[in-house]
Amino acid sequence: MGKLLKYDFKYVLKYWWVALAVLFVSAVIGGISEGKEELYWLQDADLYSSLEANEILSELRSLSVVFFYLALIGFISFSVIIIIMRYYKNLYTDEGYLTFTLPVKENDILLSKFFNALIWAVFTGIAAFLCFMVERLIYNGIISDIDGFWDSFSLFFGEFLNVHGLLAALTVFSQLCFNIILVYVAITVGSIIATKHKLWASVGVYFATNIVLTIVFTILFNVVTFNEAIWSPESFGLESLDTLLIVCFVIDAVLFVGGYILNLRFMKKRLNLA
Amino acid sequence: MAILECKSLTKVYSVKPVINGLNLSLQAGKIYGLLGPNGCGKTTLIKMIAGLLKPSSGQILVDGKPISPETKKIVAYLPERTYLTAGMRVKDLIAFFEDFYDDFDENIAHEMLANLKIDENSSLSILSKGNKEKVQLIMVMSRRAKLYLLDEPIAGVDPAGRDYILQTIIGNYNPEACVLITTHLIHDVESALDEFIFMDFGGKVLRCGNADEVRLATGKSLDELFREDYKWGSF
């Protein structure tokens, strides 16, 4: 499994760092542009005094900020797409002829793809957050007051370092794991049922599954919230929130295990490389 | 012991059996030609042996073991299409095969690539289709496998390329191994074959035997026999 993961990791890294570099540069430029007036190097220049130049600068400033936020969205989207494409191409296109004839178990293949997605999802989240912080730091000009920044940073995360925060983090993690498997199951099923346009079939399976799950959980949620014996809005507090988080965690964990087993079964029994 | 055994092997797509109750036994140290018209089930059979498809019923044994990662360790498979990851460099591919196959001989790969003047630093995406196929063949033939499965290795290749591919196969395969080549270009591979299997639609064996013996007995080449057996409208 380690060898498979190594190649999956390297594949994503090759494209990911380029997207990260673009995001980082846009964060720096965005931060400088959006920042305080005194940060402008053109402030004292003759050019800056003219109205036209002012307008151009103002537009450039807006554009660079918009570009940063677009780059941020683009970076996250790109990371998701590259992970999905790695799974799809490596297993269900011609590359699958090599992957599925390697002397490894199907479980190792799926596990490596899952961990690859998980690692890159976490890296992407951290990188996006750090780039956002870089942009904000430059914008607020608080690089000079870095100690103050870390104090507020510690204070902010200190709030979450308790049982409730950890429970919330665990639920987010289980949600992430389930969503990775849901996408993988959709691609596997889509690639098996379709002879052509496998990706579109996968997208269809993904949305169909999501609709079914949404309907089921909406019904369940309504049953619970309309039953006062189970749910009382008046007494809703942190303990109720914890219970809700635990329920969400358990549901995600069950769906994750179910999805994983289903995916593995399809890979073992119904592989359909054209 | 046979290196490959197929017992009552059946593969059904929807309701149509592509292979129906096939029995086959291949011995080590021989080159077999699995010959038949397009759509007779040659590729389906190869895919099942390689572990890419599951049989509907029946059994496949490679070196006495059912298909598993253990059998994949000793089977070198060349599909009819290019399965290489485009962004990889040739040297990355060598490292990949080295990582996954204990029987991969890096030196053979280096030598064959040098003979073809293929730069190992080249990205696979910039290689021509012909060179990609050759790189793929080199990777497969650089393994010291017990069973080589070569699916249409010369289809879509010019005559000079065909000669090179056949020379590579004959010159590099492990003499104690078994090679199974599928093709419908009988004339080009005939000289390389020890044994032949004519496969009919439905995955049944129409005729099989030793290539030299059948040529001596009938006075005809395999290509001529193939044309007789598969004359238009005879099946």
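What counts, and where the lines are drawn
- Residues numbered from 1 in each chain as written.
- Chains lettered and ligands numbered in written order.
- Predicted model: local features only at pLDDT ≥ 70, side-chain atom pairs only at ≥ 80, totals over all residues.
- Heavy atoms only, no water.
- Contact = heavy atoms within 4.5 Å.
- Buried area = accessible area lost by both parts, 1.4 Å probe.
- Salt bridge = Lys/Arg side-chain N within 4 Å of Asp/Glu carboxyl O.
- Polar contact = N/O pair within 3.5 Å; in protein donor to acceptor, adjacent residues only side chain to side chain.
- Helix = DSSP H or I, 4+ residues; strand = E, 2+ residues; numbered from the N terminus.
- Nonpolar A, V, L, I, M, F, W, Y, C, P; charged D, E, K, R; others polar.
- Pairing = 2+ DSSP bridges.
- Axes fitted to C-alpha atoms, helices over the stretch in contact; angles between N-to-C directions.

## Here we look at the interface of chain A and chain B
- Counting from both sides, the interface comprises 24 residues of chain A and, opposite them, 25 residues of chain B.
- Note on chain A versus chain B: buried area summed over both sides is about 2300 Å², and carbon and sulfur give 61% of it.
- For the chain A face of the interface with chain B, the top three residues by lost area are Tyr97, Leu98 and Pro103 of chain A, together amounting to 29%.
- Counting the contacts that link chain A with chain B gives 2 salt bridges.
- Across the salt bridge formed by Arg81 of chain B and Asp94 of chain A, the nearest N and O atoms sit 2.9 Å from each other.
- Linking chain A with chain B are 11 residue pairs in polar contact (both at pLDDT 80 or more), by the criterion used here.
- For the side of chain A that touches chain B, the secondary structure elements donating two or more residues are α1 (2-34), α4 (96-99) and α9 (238-269) of chain A.
- Top element by residues in the side of chain A that touches chain B is α1 of chain A. It accounts for 6 residues.
- Per-class residue counts for the side of chain A that touches chain B are 12 nonpolar, 2 polar and 10 charged.

## As for the sheet that holds strand β4 (residues 57-62) of chain B
All names here are of chain B.
- Taken in spatial order, the 4 strands make up an open sheet running β2-β1-β4-β5, and their pairing is antiparallel. Where the open sheet ends on each side, the last strands, each with one partner, are β2 (16-26) and β5 (65-66).
- Where β4 lies against β5, 2 bridges are found, and the strand directions are antiparallel. Bridge pairing in β5 places Leu61 opposite Pro66.
- Against the sheet, helix α1 (residues 42-50) engages β1 (4-13), β2 and β4, with an angle of about 115 degrees to β1.

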